[in-house]
Amino acid sequence: MSDTHSRASSDGRASSEASVGNASVGNGSGQSGIDREEIRQQAAEVGDELREAAQQQAESLLDRQKAAAVDQAERFTTVLHKMADEFERQEQPYFSGCVSELAKRSDAFTRNLRERDLTTLLEQTRDYGRQHPALFLGGAVAAGFMLSRFLRSSSQDDMRNH
């Protein structure tokens, strides 16, 4: 009888240990479910941080490019004003007037570029492209042509200097 009792107690312990073991396995799988959710949350946070860092880096690069464009536009405007003055000295009022008007528009463009943030500039460009698609496309082609000529002449100058 004591033999049966000891078996029952050992069976009881075994079954309670098994249920404790199963509970810990169950908790372990529940814990891993929580861990998975925490990992997903952390991954989302890291993704957000990376996205923000990339956006800040892109904005910084665009700000530097905008500053360079403003500098170039100011130089171009200065050249236009000098050209208008030269036409005036040569008593060519028609050309002087045309170049003066172009210089005024260049001044306005430069001021607009300097004072506006990039988002506003992009929205204005998009709106202008929708309102005047032919002019926008023609301007883009002309700008591309001038840029390619500039780059080609710059590379030829570099080759001559070497």
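To be clear, the structure that these remarks concern was listed above.
Since this is a predicted model, take the numbers as computed values, not measurements. (Residues numbered from 1 in each chain as written. Predicted model: local features only at pLDDT ≥ 70, side-chain atom pairs only at ≥ 80, totals over all residues. Heavy atoms only, no water.)

### Quick word on the side chain of Lys66
One can find Lys66 in helix α1 (residues 2–89). For Lys66, which is buried and forms no salt bridge, the nearest opposite charge comes from Asp63, at a distance of 5.3 Å. Those residues in contact with Lys66 that lie beyond four places of it in its chain are Leu113, Arg114, Arg116, Asp117, Leu118 and Leu121. (Helix = DSSP H or I, 4+ residues; strand = E, 2+ residues; numbered from the N terminus. Buried < 20%, exposed > 50% of the residue type's maximum accessible area, 1.4 Å probe, protein only. Lys, Arg positive; Asp, Glu negative; His and termini not counted. Salt bridge = Lys/Arg side-chain N within 4 Å of Asp/Glu carboxyl O. Contact = heavy atoms within 4.5 Å.)

### Notes on helix α2 (residues 93–115)
The periodicity of an α-helix, 3.6 residues per turn, causes residues three or four places apart in sequence to face the same way. The terminal C-alpha atoms of α2, which comprises 23 residues, lie 32 Å apart, in line with the 33 Å expected from a rise of 1.5 Å per residue. All of the buried residues in α2 are Ser96, Val99, Ala103, Ser106, Thr110 and Leu113. (Expected span 1.5 Å × (residues − 1).)

### A few points about a negative patch on the surface
Residues Glu59, Asp63, Asp117 and Glu123 make up a contiguous surface patch of negative charge. Relative to the helices and strands, Glu59 resides in helix α1. (Patch = residues over 30% accessible without salt bridge, like charges linked within 9 Å, V, L, I, M, F, W, Y side chains within 5 Å. Areas by Shrake-Rupley, 256 points an atom, 1.4 Å probe, with all protein chains shown as cover. Charge placed at Lys NZ, Arg CZ, Asp CG, Glu CD.)

### Things to note about the packing of aromatic side chains
According to the stated counting rule, one finds two aromatic pairs in the structure shown. Where Tyr94 meets Phe95, the ring centres are 5.6 Å apart and the plane angle is 70 degrees; that geometry is what we call edge-to-face. For Phe95, a relative accessible area of 43% puts it in the partly exposed group. An aromatic cluster of three or more residues is present, and its members are Phe87, Tyr94 and Phe95. (Phe/Tyr/Trp six-rings, centres within 6.5 Å; stacked < 30°, edge-to-face > 60°.)

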